[in-house]
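# A closer look at the structure
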Amino acid sequence: MSVDRIIAFVMAGGQGARLQPLTSARSKPSVPFGSRYRIVDFVLSNLINSQIRTIYLLVQYKSQSLIEHVRKAWTISPLLQDQFVTVVPPQMRYGSNWFQGTADAVQQNINLLEEHAPDLVVVFGADHIYRMDIRQMVHFHRECEAAVTIAALPVPLDDARSFGVIVADEQGRISGFQEKPANPVPMPGNPNCAFASMGNYVFDTKVLLNALHDSQQAGETDFGQHVLPRLLANQERLFAYDFATNEIPGIKPYETRVYWRDVGGIDAYFNAHKDVLGAEPVFDAFNPEWPIYSSNYQGPVARVLGGQVNNSLLGAATVIHENTKITNSIIRREAVIEEDVELEDCIIMDYVRVCRGSRLRRVIVDRHNIIEPGTVIGYDATADRERFHVSPGGVTVVPSGLVGFFARDPRGTGRGYSE
């Protein structure tokens, strides 16, 4: 039996307006997550672990941070010419426009399809935290003799009103789409849930090429809004793949087996970090059978000189000084937490120094910052709003500081270790 030739397009151009100010200088996929990852690492790891290793990352807004991360972290092997992760900005092959939508992004790179001549094309987003064996979705696609397969997440009916909903029969054959419906159609066999589109697709290449040609002629730019409804109207075989059936090796009994989080807003992003904490985390990053790949950081390990650290993650080269109290927090690389600092429910990003006597609660501090001695954030929402962004859920965000500031350098300037 021959193995399908598959290439992947990853949509990594997200502007991330709802994640401001974390996206003031970077795109949404390049926003840090956890103690060492970026959001984009999750979809890339899923593809690599699924043995799909011809990957084009389509970037657009504020892409330099993401480009640098991919350059440093995602080199597979120069000896294997069909195994790579490479960044593709808008090519403007047919005009002066940037990517106008997901379909237009692939259309602008149709030459890559023609060059590789794959059997299948997977088109995935780069905005979510999850594990997925994409081979199982491809197998379903082949079994159903589908033209297009759409990954579908079962969600409660009340929540489905915020999603694009897929209407399908017991075999998964799609008969309709609903965009944020007031009355979502339940999924087959479960009247309490509906199928929400995850925005992840498997296409037969010939079907995709024809669909892109038709959409270009019609001035249509988006898969979800234009291409897929047109294919359905043309009687093509579209199927929904139930993400709840996806099996990942190495998942522990205490984890949420079907884990998928949209981290598009500050509160959702903040709350997803709670899922990686605890003795039995909902999402355990330690899984050697399905690793999450990221940067090849060469700096030293964390150093704890004293204090009390409870239910927290410490990134590499972090320094925790004496008489500190850190609870339910994530401290990323090369951060310095000075004496007599208290952190509760905080995310402290790379190259941040929190100076002595500071008190922070439910605060995200972005990179390259210095929190001055005695600073108090997160205890008075009114005062915080005068200086920082405060989310609807009461999370205070300190925007990124001067790029030249590095907490481990005694002068506060210089360089950290390369990521």
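Here we summarise the structure given alongside this text. (Residues numbered from 1 in each chain as written. Predicted model: local features only at pLDDT ≥ 70, side-chain atom pairs only at ≥ 80, totals over all residues. Heavy atoms only, no water.)

### Notes on the packing of aromatic side chains
Here a ring pair, both rings aromatic, is described through the centre-centre distance and the interplanar angle of the planes. The test is simple: Each pair of aromatic rings taken from Phe, Tyr and Trp, with Trp reduced to its six-membered ring, is defined by centres within 6.5 Å and is described as stacked if the planes are under 30 degrees apart, edge-to-face if over 60, and tilted in the remaining cases. By definition, being over a ring means that NZ of Lys or CZ of Arg is both within 6 Å of the ring centre and within 35 degrees of the ring normal.
Going through the model one piece at a time under the given rule, you end up with 16 aromatic pairs. Seen in terms of ring centroids, Phe 33 and Phe 42 are 5.7 Å apart; in terms of plane orientation they differ by 85 degrees. Their pairing is edge-to-face. These aromatic residues form a ring-pair network of at least three members: Phe 33, Tyr 37, Phe 42, Tyr 259, Tyr 269 and Phe 283. Over the aromatic face of Phe 283 sits the side chain of Arg 131, whose NZ or CZ is 4.5 Å from the ring centroid.

### Focus on the pairing of strand β6 (residues 120–125)
For clarity, the cut-off: Only protein chains enter the area calculation, which uses a 1.4 Å probe; residues under 20% of their type maximum are buried, those over 50% are exposed, and those in between are partly exposed. To qualify as a helix, a DSSP run of H or I must reach at least 4 residues; to qualify as a strand, a run of E must reach at least 2; elements of each kind are numbered from the N terminus. Criterion used throughout: strands pair if DSSP finds at least two bridges between them.
Of all six residues making up β6, six are buried, and the element is well covered by its neighbours. Alternating residues of β6 divide into Leu 120, Val 122 and Phe 124 and Val 121, Val 123 and Gly 125, and every residue in both groups is buried. Note: strand β1 (residues 6–11) against β6, six bridges, orientation parallel. Within β6, the residue paired with Phe 9 across the bridge is Val 123. Summarising the sheet, β6 and strand β11 (residues 193–204) pair through four bridges and their orientation is antiparallel. Paired with Val 123 across the bridge in β11 is Tyr 201.

### Remarks on helix α7 (residues 205–218)
One full turn of an α-helix is made of 3.6 residues, so residues set three or four places apart face in the same direction. Selection criterion: Each helix should span, by expectation, one fewer than its residue count multiplied by 1.5 Å. What the arc describes is the spread of directions from the helix axis to the C-beta atoms. Contacts are assigned to residue pairs that have any heavy atoms within 4.5 Å of one another.
Spanning 14 residues, α7 covers 20 Å between terminal C-alpha atoms, matching the ideal 20 Å at 1.5 Å per step. Those residues of α7 that fall on the buried side of the exposure criterion are Thr 205, Val 207, Leu 208, Ala 211, Leu 212 and Ser 215. Projected onto a plane normal to the axis of α7, the buried residues spread over an arc of 150 degrees and lie on a single side. Exposed residues on α7 whose side chains face more than 90 degrees from its buried face are Lys 206 and Gln 217. Those residues of α7 that are buried lie in contact with α3 (102–107), α4 (110–116), β6, β8 (148–156), β11 and α8 (223–233). Phi turns positive, to about 70 degrees, at Gly 219, one or two residues after α7.

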